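Chain residues, written in single-letter form:
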Amino acid sequence: MLLQLNNIFKWVQQGGQRVFLLKDINLQVEEGEFISVMGPSGSGKSTLLNVIGMLDDFDEGEYEFLDEPVHQLKEKHRANLYKQYIGFVFQAYHLIDELTVYENLEMPLLYKKHSGSERKAMVADMLDRFNIVGKKDLFPTQLSGGQQQLVGVARALISKPKLILADEPTGNLNSAQGEEIMTLFKALNDEGVTIIQVTHSEKNAEYGKRIVNLLDGRMV
Amino acid sequence: MSTLFLKIATRYLLKNKLYSFINIVGLAIGIASFILIMLYVNYENSYDKFEGSENVHRVYMDYLEGGEWVPGDANAYIVSGPALKQEFPEIQDFVRLRRVKGVILLHNNTVFDKNTGALADPSYFNVFDRTLNKGDLSTALNEPYSIVLTSYLAQKIFGNEDPMGKTIQIAADGNTPFTVTGILDSTGPNTHIKNDFLVSFKTFYTWPIFERDWEYTWNQNEYFTYLKLDGNADVASLNEKIMAYEPEGLKNERHHLEPIEDIHLNSNKPYEAEANGNANSIRLLAIIAFITILLSWMNYVNLSTSKSLERAKEIGVRKVVGARRPQLILQSLIESGLLNFIAIVLAIGAAYVLLPVFNRFVGLDLKLNSTQIKGLLPFFVFMLLGATLSAFYPAFVLSKYKSITVLKGKLQTSTKGLNLRRGLIIGQFLTTITLLTGAFIANKQIRFLQDRPIGADLNHLVTLNGQVLNRDRDSLLKRDFSTLMNELKKSPYVDNVTLSQTYPGDDFTNLNSSFGITFPNGKTDDKRIWYNYTVQPDYFDLMGMEFIAGEGFPQTAQEWSHNIVINEKMASFIEVTDLQGMIGKTIKFWDQDWTVTGIVKDYHHFGLKTPIEPMIITHNKAISNVLVKLDKRTASLASMTQALEQLNKIWHQVFPESTFGYTFLDQNFQKQYVEDRKFAKAFQIFTILAILIASMGLFGLTSYTCIQRRKEIGIRKVNGATITQILALLNKDFVTWVALAFIAAVPLSWYAMNKWLEGFAYKTEMSWWIFGLAGLTALLIALLTVSWQSFRAAVANPVDALRDE
């Protein structure tokens, strides 16, 4: 088992009242799964993804990742955990505009203990794999949306994570570009990478092996 | 519309308290510093400015030294003024002032001591454009034994009585009576030559205190002489003609003119009327004033443009509902105006309140009265201009935002704007480091002046400089001084006593200057100037002076001899290399033969601003100073007070009718650096303020960059960056900026401070570590300022920054 959420609650205080963002979420994810999280706006999809990605706290419940109790871990330990095992892909790509494609890919490696030559090899590997060698010296603004997202996925993969979390990865792309990314995800999944994606599109959800539906913070 | 804008502006300022506070306080500090410094600068520039002052020039003497004419003496000869006026038609009038210092005035047997006055020609009022509160300008200084008092002194002596026509005595050589013929307003213009009273010049020829000087020749050179020139006169060519003018009886000297307006800041000749200011220091301070106010405007621009990011949404909404650009600009300007107005009001209030503190700290007596404010008026125009300009930039930036992008939350800040702000910050660091270096060097120089051994031990040395009233004849007085010395020696507090004409740190005035000397090898030099004073044999021992050859004077029964001691500089002046062989040799000057008994190691007679001069110390009984070396055991304040009380008692036993005064020699020596210390302190204060302002600006920019790089920080954190790594990333830029600024600041501050140090004959080293220390201090201040906000940005949850809306 990769991760397990038990009775997860998350809320905010608003005007003296608790507004629940996540309500009693129970979810088990096995290695090699491809899950699509669906639901209307405000249903808590992104929040759930952030909780799984350990970017956000929750208020109640238990979360085990590779048998480590995340809810009991110290911040530093938790950071190490997601640094090592989780890669993120965003709707708006979130590449750093001031860095080239090459530097964007290299960036996560700078925060892990890799030597210069190791980094070079790993980045070259990724550029090769995604066929973007020719673009390595370009800046994000010089790329199309699809290409930017390609770089975003490559960046998420570069440190060989077990889990990819993708928040509407095709939301800013046209249908052809979107399909390309989804095919890529499918291929990655076939190689054994676990993927959890948030999506609005039924079609994209179909790429997943399992669909989780959310409404008002509850799994339905 | 405008009232609405004003309302919004007020609410906005109140809502953003930290921002408003930083902005207003930053501006207010800048403006207040500017006002204070400019008051000081204006005061220093205000010396000798009066109606027609541009046509008034002082005559000074140039001496021939090594084939060149060098300024040698601030005084001219008694005959200089009349002779020049006769020779050159451009000269309308002249006035001579012969100063008398430390004078005691007597009225109804009450003593008023420590007055300084001058003999003055009747033309005084014409040349200096002065009027009298009471008395007749045309006659006040005509008759012998007429005296004109300043209103302040008159009030002190006569209270509310009318002093006109009353008699007062000057207690010197027989209490000569003088008639008060005029009252001069003491709140007259600021001048380098301050007098409490004026005595008619005609008194000179019969007044016993000048008995030895009663001659009207090219021998009497103790006269400050001022010329009033024709308004159309060509000063440069007149100066050349005067330089070429060689009256009979004047050898190796020339007359030279200098504008009276330049004396206070630009003249530092021997025998000045008072210690003058330093033009370089004042210029530096003025530069600092402009820098501080510029810094605060830069800050304002910086802060308000950073802040405008947060207001982008408001601007977007306004544009969508129909606001046009001029209206937005107007609104922004009204806000700036309000902010600047508050800052200026605060600044003026602060300057007013802080002026006494500033005065006390720096040692000045500046006033914020109407004339001073009038002097500041051009600067107020400058301030308004600056404030308006600094308000326009943010207004334009703010109004330029496109409403759609702003409302979509996709505001991209232009790199151009960021570059401008970076430039401003680097500029601020540049000035900060330069100022810091300057302050460090000024401080180091002051400490150097204080700590450098002067070649004489002035500790525990007191000079008694009371004045004996009703004194009859010098010979009798001299006998009394012997009695005094014997009595003093008996005191347990006293180590030793001696008499001398002057001492290190004393005024130039008590020193004689001469030309003409025949060396032991028969060679003669009658061009270069040398100085001399007389002492008693114990003097060298009391001063702890070191002999490099020979020794001091042997005690003789008649208290004088033809023995002399010369200093090292004098030895090199008379081209002696074999110092030991010099002892017992004869030197000729003043038409007499003198035997050298010793060569004293060079000591600083004038303080470190002036180079060491050739000096001959002769053996005679001078009674101007009774030097008392107090016992080392009187170190505590209490025992010191007791010692001084006893000195006072002994003094009055010997001279029942007298005033008593004393001066500690070490303190007196330090007084020579008063102006420099003032400068260093002012420099310090304003450096601190400038740094404060710069940090505020930096604070503003950091908050801006942190907002700007929020997304980037978020991405990096999600990809595994730790807080420390983010902090390093954010602070790296600032370190680079400080480094850049440092590189530019080093040559700049080196140049400026080198210029300042030129005013000292002896100067401290500008060691490399000072620059390093200044750079490090600036870096530390920068890091402290930015770290709080960088930290906040680094620990923020990346989810908030990366939310895709």
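The rules behind each value
Residues numbered from 1 in each chain as written. Chains lettered and ligands numbered in written order. Predicted model: local features only at pLDDT ≥ 70, side-chain atom pairs only at ≥ 80, totals over all residues. Helix = DSSP H or I, 4+ residues; strand = E, 2+ residues; numbered from the N terminus. Buried ≥ 20, exposed ≤ 12 C-beta atoms within 10 Å, placed from the backbone. Contact = placed C-beta atoms within 7 Å. Nonpolar A, V, L, I, M, F, W, Y, C, P; charged D, E, K, R; others polar. pLDDT = per-residue confidence, 0-100. Expected span 1.5 Å × (residues − 1). Bend = angle between axes of the 7 residues up to and from the residue. Pairing = 2+ DSSP bridges. Axes fitted to C-alpha atoms, helices over the stretch in contact; angles between N-to-C directions. Parallel < 35°, antiparallel > 145°, perpendicular 65-115°, else oblique. Left-handed = near helix turned anticlockwise from the far one by under 90°.

Caption draft 1: Fine view of the overall build of chain B. Looking only at helices and strands, chain B features 23 helices and 24 strands. Counting only C-alpha atoms and orienting by the principal axes, one finds that chain B spans roughly 105 × 60 × 55 Å. Here chain B, with 805 residues, has 41% of them falling under the buried criterion. Within chain B, contacts between residues at least 6 apart in sequence are counted, and of these 82% link residues at least 24 apart.

Caption draft 2: Up close: the environment of Gly152 of chain A. All names here are of chain A. Assignment of secondary structure puts Gly152 in helix 5 (residues 145–157). Given 25 C-beta atoms within a 10 Å radius, Gly152 is considered buried. Linking Gly152 and Gly87, residues 65 residues apart in sequence, is a C-alpha distance of 9.8 Å. In this structure, Gly152 is in contact with Val89, Phe90, Tyr93, His94 and Leu95, ignoring residues within four places of it in sequence.

Caption draft 3: Looking closely at the interface of chain B and chain A. Residue-level contacts link 14 residues of chain B with 17 residues of chain A. Every element with two or more residues in the side of chain B that touches chain A is listed here: helix 20 (710–718) and helix 23 (798–802) of chain B. With five residues, helix 20 of chain B is the single largest residue contributor to the side of chain B that touches chain A. Residue composition of the side of chain B that touches chain A, by class: six nonpolar, four polar and four charged.

Caption draft 4: Highlighting the confidence of the model for chain A. Predicted confidence across chain A gives a mean pLDDT of 91, with 100% of residues reaching 70 or more. Averaged pLDDT values for the elements of chain A fall to 84 in helix 2 (residues 75–85) of chain A and rise to 95 in strand 3 (residues 34–38) of chain A.

Caption draft 5: Helix 22 (residues 768–795) of chain B, seen in detail. Compared with the 40 Å implied by 1.5 Å per residue over 28 residues, the 39 Å span of helix 22 of chain B between its first and last C-alpha is a close match. Along helix 22 of chain B, the sharpest change in direction is near 40° and occurs at Ser787 of chain B.

Caption draft 6: Up close: the sheet that holds strand 8 (residues 194–198) of chain A. All names here are of chain A. With mixed pairing, six strands are arranged side by side in an open sheet as 6-7-8-3-9-10. Where the open sheet ends on each side, the last strands, each with one partner, are strand 6 (86–89) and strand 10 (218–219). Relative to strand 9 (residues 210–215), strand 3 runs parallel, the two being bridged by four bridges. What sits directly across from Ile35, in strand 9, is Arg210. Contacting strand 3, strand 7 (163–167), strand 8 and strand 9, helix 1 (residues 45–52) runs over the sheet at an angle of about 150° to strand 8.

Caption draft 7: Geometry of the packing of helix 2 (residues 17–45) of chain B against helix 19 (residues 674–708) of chain B. All names here are of chain B. Where helix 2 contacts helix 19, the axes come no closer than 10 Å and their chain directions differ by 155°. The pairing of helix 2 with helix 19 is recorded here as roughly antiparallel in orientation. Considering how the two elements wind past one another, helix 2 and helix 19 form a crossing that is left-handed. Counting all contacts with helix 2, which are made through Ile22, Gly26, Ile29, Gly30, Ser33, Ile37 and Tyr40, the residues of helix 19 involved are Ala682, Phe686, Leu689, Leu692, Ile693, Met696, Phe699 and Gly700. Along the lines of polarity and charge, the residues of the contact of helix 2 with helix 19 split into 11 nonpolar, four polar and no charged.

Caption draft 8: Seen up close, the pairing of strand 20 (residues 586–589) of chain B. Residue and element names in this part refer to chain B. As judged from the four bridges shared by strand 20 and strand 21 (residues 592–600), these two strands associate in the antiparallel manner. The partner of Phe589 across the bridge, within strand 21, is Gln592. From the end of strand 20 to the start of strand 21, which pair antiparallel, there are two residues, and Trp590 there has a positive phi angle of about 50°.

Caption draft 9: Region of the structure containing the confidence of the model for chain B. For chain B, per-residue confidence averages 86 on the pLDDT scale, and 96% of positions sit at 70 or higher. Both confidence scores are given for the complex: pTM 0.75, ipTM 0.81.

Caption draft 10: Seen up close, helix 20 of chain B. All names here are of chain B. Burial within helix 20 is extensive, with seven of its nine residues counted as buried. Looking at helix 20, one finds that the buried residues are Glu712, Ile713, Gly714, Ile715, Arg716, Lys717 and Val718. A positive phi of about 105° marks Gly720, the residue just after helix 20.

Caption draft 11: Structural detail: the pairing of strand 12 (residues 461–464) of chain B. Residue and element names in this part refer to chain B. Across the two faces of strand 12 the burial is the same, with Leu461 and Thr463 and Val462 and Leu464 all buried. Alignment of strand 12 against strand 23 (residues 625–630), held across four bridges, turns out to be antiparallel. Directly across from Leu461, in strand 23, lies its bridge partner Lys629. Here three bridges tie strand 12 to strand 24 (residues 662–664), and the two strands are oriented antiparallel to one another. When the bridges of strand 24 are listed, Val462 appears paired with Phe664.

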